[in-house]
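As a plain string of letters, each chain reads:
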Amino acid sequence: MTEEQTVATESYTTETPASQATSAAAPRPALTVPGAAVGRRKQAVARVRLIPGEGKMTVNGREFAEYFPNKLHQQLITDPFTVLELGGAYDLIATIDGGGPSGQAGALRLAVARALNEIDAEHNRATLKKAGFLSRDARIKERKKAGLKKARKAPQYSKR
């Protein structure tokens, strides 16, 4: 290599300087602003209030783990906090009406994501949107049609 080529290769690198790498990796502190939102899924409606605290979760006046004993539902609901690295930063107070456990968990996740978006949209929105937490799942049960047993199931056909 000539002297010009060695100078050119030394000045360009794909590595991030150590001074920039440490500032980008530092976790962002939670804001001290409360937030509230409503989330819906199937027939379930969840109303959520997020208050800066130590991570206590209450659903319909009961403990979070008691109301949602299924670990999958618990993980689904806490996913917005996990993605934003805000675990334990906010206390959650929720009231849920209608639907079953799965619909209620989905409604609560949407409400939590919307509340976190309301608290700090500038930093949280892109991450929540990319993870798909801000879109409402519009799938609901189809209505029963006249002459059918269910929404699409027809009575058994008999030739004779």
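What you see is a predicted model; the values in this text were computed from it and never measured.

J.: Requested: an account of the packing of helix α5 (residues 101-119) against helix α6 (residues 121-131), with residues and values cited.
T.: Direction vectors running N to C along α5 and α6 enclose 145°, while the axes themselves pass 6 Å from each other. Between α5 and α6 the crossing geometry is left-handed. Along the contact surface, α5 presents Ala-113, Leu-116, Asn-117 and Ile-119, while α6 presents Ala-121, Asn-124, Arg-125 and Leu-128. Among the residues forming the contact of α5 with α6, the class breakdown is five nonpolar, two polar and one charged.

J.: How would you explain the packing of aromatic side chains if you had to name every residue and give the values?
T.: To describe a pair of aromatic rings, you give the distance between the ring centres and the angle between the ring planes. In total, this model carries two aromatic pairs according to the counting rule given. Centroid distance Phe-64 to Phe-68: 6.1 Å. Interplanar angle 55°. Geometry classified as tilted. Phe-68 matches Phe-64 in its accessibility class, with the two residues each being buried. Aromatic side chains Tyr-67 and Phe-68 sit 5.0 Å apart centroid to centroid with 70° between the ring planes, which places their arrangement in the edge-to-face category. Judged by its relative accessible area of 2%, Phe-68 falls in the buried class.

Thresholds applied
- Residues numbered from 1 in each chain as written.
- Predicted model: local features only at pLDDT ≥ 70, side-chain atom pairs only at ≥ 80, totals over all residues.
- Heavy atoms only, no water.
- Axes fitted to C-alpha atoms, helices over the stretch in contact; angles between N-to-C directions.
- Helix = DSSP H or I, 4+ residues; strand = E, 2+ residues; numbered from the N terminus.
- Left-handed = near helix turned anticlockwise from the far one by under 90°.
- Contact = heavy atoms within 4.5 Å.
- Nonpolar A, V, L, I, M, F, W, Y, C, P; charged D, E, K, R; others polar.
- Phe/Tyr/Trp six-rings, centres within 6.5 Å; stacked < 30°, edge-to-face > 60°.
- Buried < 20%, exposed > 50% of the residue type's maximum accessible area, 1.4 Å probe, protein only.

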